[in-house]
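Listed below, chain by chain, are the residues.
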Number of protein chains: 2
Amino acid sequence: MGQGQLSAVPEPKYWHLRTVLVRTIDAEFSTGQILPNERELAARFGVARATLRQALDQLELEGRLVRRRGIGTVIAAPRVGVPVNREEGWPGAQRSQAWRVVDCTTAPATPQIAARLGIKPGAIVHTVRRLRLVQGKAMAAESLYVPDAAVPNLPGFTAEGDRARSVLRRLERQGIDGESRSVELGVAEAAEAALLERPPGTPVLVVTTQYAAAGKLAALAVSTYRADTCKLTFGETGAVEVTPVPADAAVRTAS
Amino acid sequence: MGQGQLSAVPEPKYWHLRTVLVRTIDAEFSTGQILPNERELAARFGVARATLRQALDQLELEGRLVRRRGIGTVIAAPRVGVPVNREEGWPGAQRSQAWRVVDCTTAPATPQIAARLGIKPGAIVHTVRRLRLVQGKAMAAESLYVPDAAVPNLPGFTAEGDRARSVLRRLERQGIDGESRSVELGVAEAAEAALLERPPGTPVLVVTTQYAAAGKLAALAVSTYRADTCKLTFGETGAVEVTPVPADAAVRTAS
DNA sequence: TAGTGGTCTAGACCACGAG
DNA sequence: TCGTGGTCTAGACCACTAC
């Protein structure tokens, strides 16, 4: 691993440092390998540790590095392509082991949720929290909001696991007419962060899905995907699979 | 604006500070207003400026704040919903003023691009860079890679504006059979950052689209959307528009 | 010129993981 | 116990904007 000596350029040190590190990583390191520790790297490049960390922050945001306290900074595996579509996301897809129910609550809707569901504030809403596992790892946490009116006359279960299953089965049975989605950047709050086994503030891709059935909004799903390890994929009709998924990044840089 | 006094909790100061700031902003500030300056805020909450900045970093990542050097920290407007679909993205949609061509180059493909296009390295590829304007502001920068084989016998224009138009018109005429997309988090490199009028390292949503025509990959688009101001929307068939876009955030918190 | 956010430093201590 | 990354501090200087 080269020595460095940042030239006196008008760009910030941490940005130049990032560029140098990208080159070094691509050339001399491979997935799973551990970088020298931060204090040594900082010394090697002649910068303060905080400045080095600023560069590492960037690389972590890009999914190139994972930093583990007590372990070190390791080269991350390429991001996992996670299909986001009706088959994968809709509660009906119980057959695919993609989602695992965490818990389920039934309560009057908060004003915000009511507004987004298009129902009266205070109307009963079931909230099913689920966890999406990919290759055995928690990749996304979801809150699925279902107006009680959309799944009327639920059996009077007491166990929340039973109610969750009941709600999901109802949705599955009635099917959906369509869905509309949005994706934006967010940070994981405490609860989500815990489910995703990450610290609070972890960047996430927030996927908001509206499921329509019988001309009404049947459910609203807010899913937070780990931005460090996930690449959301949206397959579409008629698409031709050409690329056998080449390496991974470095392509945007190569424009 | 309240005084603060961070309680001695086991969570990091900057995270607690973020929570306090979120509440304060939601309660006492509205879009466009300017927060007290960083030095004063730090003093008010009894923390170092760096710690305060860590909290502000989070809020900026969430799109709640925009910090302008020489001006101050202002409350950001809600994110703009940006439609991402065939009508908006496909070069054929010249009628919509969404995209503006920046430049166009014709050159042998780099190994990375060749691999992703499923062509031989060194084969000729046209690269059209475009800028997506929403409400007059630059929201996304795109590199559209088109194998020369997909648009054969282009007229021998010299001006790159003409060649760009020519390539796009060809694509438009032949139409597409389908497309497949992926979305992931990235940071803006120097060139993209300049187009987006943001500093290098700005977080972006990277949308990669494969356009298929006649059973082959006709084009590959890599678009980088400003993560701070954009919410990507994917409209779908049969979807029911229920929400008239309520306020904005704060809903995920309210789960 | 004065005020803002952006960068950078040198140091300290803490929390976690492995031995 | 030791080494790692995570947090926090107090201060300095720079770059940009407005006046």
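Rules behind the numbers
Residues numbered from 1 in each chain as written. Chains lettered and ligands numbered in written order. Predicted model: local features only at pLDDT ≥ 70, side-chain atom pairs only at ≥ 80, totals over all residues. Heavy atoms only, no water. Helix = DSSP H or I, 4+ residues; strand = E, 2+ residues; numbered from the N terminus. Expected span 1.5 Å × (residues − 1). Buried < 20%, exposed > 50% of the residue type's maximum accessible area, 1.4 Å probe, protein only. Contact = heavy atoms within 4.5 Å. Axes fitted to C-alpha atoms, helices over the stretch in contact; angles between N-to-C directions. Parallel < 35°, antiparallel > 145°, perpendicular 65-115°, else oblique. Left-handed = near helix turned anticlockwise from the far one by under 90°. Nonpolar A, V, L, I, M, F, W, Y, C, P; charged D, E, K, R; others polar. Near = heavy atom within 4 Å. Polar contact = N/O pair within 3.5 Å; in protein donor to acceptor, adjacent residues only side chain to side chain. Pairing = 2+ DSSP bridges.

A. Main features of helix α6 (residues 160-174) of chain B. Residues and elements named next belong to chain B. Between its first and last C-alpha, α6 extends 21 Å over 15 residues, near the 21 Å set by a 1.5 Å rise per residue. Every buried residue of α6 is listed here: Arg163, Ala164, Ser166, Val167, Leu168 and Leu171. Looking at the packing, one finds that the buried side of α6 touches β4 (99-108), β5 (124-134), β6 (137-147) and β9 (216-226). After α6 finishes, the residue glycine 175 shows a positive phi value of roughly 70°.

B. Region of the structure containing the packing of helix α1 (residues 13-28) of chain A against helix α3 (residues 49-61) of chain A. Residue and element names in this part refer to chain A. Following both chains from N to C, one finds α1 and α3 inclined at 60°, their axes separated by 8 Å at the closest point. When the axis of α1 is compared with that of α3, the two are oblique. Read as a crossing pair, α1 and α3 show a hand that is right-handed. Residues Lys13, Tyr14, Trp15, Leu17, Arg18, Leu21, Val22 and Ile25 of α1 pack against Thr51, Leu52, Gln54, Ala55, Leu56, Gln58 and Leu59 of α3. Grouping the constituent residues of the contact of α1 with α3 by class yields ten nonpolar, three polar and two charged.

C. Examining the protein's contact with DNA strand D more closely. Lining the immediate surroundings of DNA strand D are 26 residues, of which Arg49(A), Arg53(A), Lys13(B), Ala48(B) and Thr51(B) lie closest. Among atoms of DNA strand D positioned within 4 Å of the protein, sugar and phosphate together represent 68%. Separating a phosphate oxygen of DNA strand D from a side-chain N or O atom of Asn37(A) is a distance of 2.8 Å. Between DNA strand D and Glu38(A) there is a distance of 2.9 Å, counted from a phosphate oxygen to a backbone nitrogen or oxygen.

D. Highlighting the protein's contact with DNA strand C. Around DNA strand C there are 25 residues in total, and Lys13(A), Thr51(A), Asn37(B), Arg49(B) and Arg53(B) lie nearest to it. Take the atoms of DNA strand C that sit within 4 Å of the protein: sugar and phosphate atoms are 67% of them. Here a sugar or linking oxygen of DNA strand C and a side-chain polar atom of Arg69(A) are 3.3 Å apart. A distance of 2.7 Å is found between a phosphate oxygen of DNA strand C and a side-chain nitrogen or oxygen belonging to Asn37(B). When residues of the surface near DNA strand C are traced back to their parent elements, those giving at least two are α1 and α3 of chain A together with α2 (38-45), α3 (49-61), β1 (65-68) and β2 (72-75) of chain B. When residues of the surface near DNA strand C are assigned to their parent elements, the largest contribution, four residues, is made by α3(A). Residue classes in the surface near DNA strand C are distributed as seven nonpolar, seven polar and eleven charged.

E. Examining the pairing of strand β1 (residues 65-68) of chain A more closely. All names here are of chain A. Of the pairings in the sheet, the one linking β1 to strand β2 (residues 72-75) comprises four bridges and is antiparallel in character. Its bridge partner being in β2, arginine 67 is matched across the sheet by threonine 73. A loop of three residues connects β1 with β2, the two strands running antiparallel in sequence, and glycine 70 in this loop sits at a positive phi of about 85°.

Purely spatial values, then, with no claim about function.
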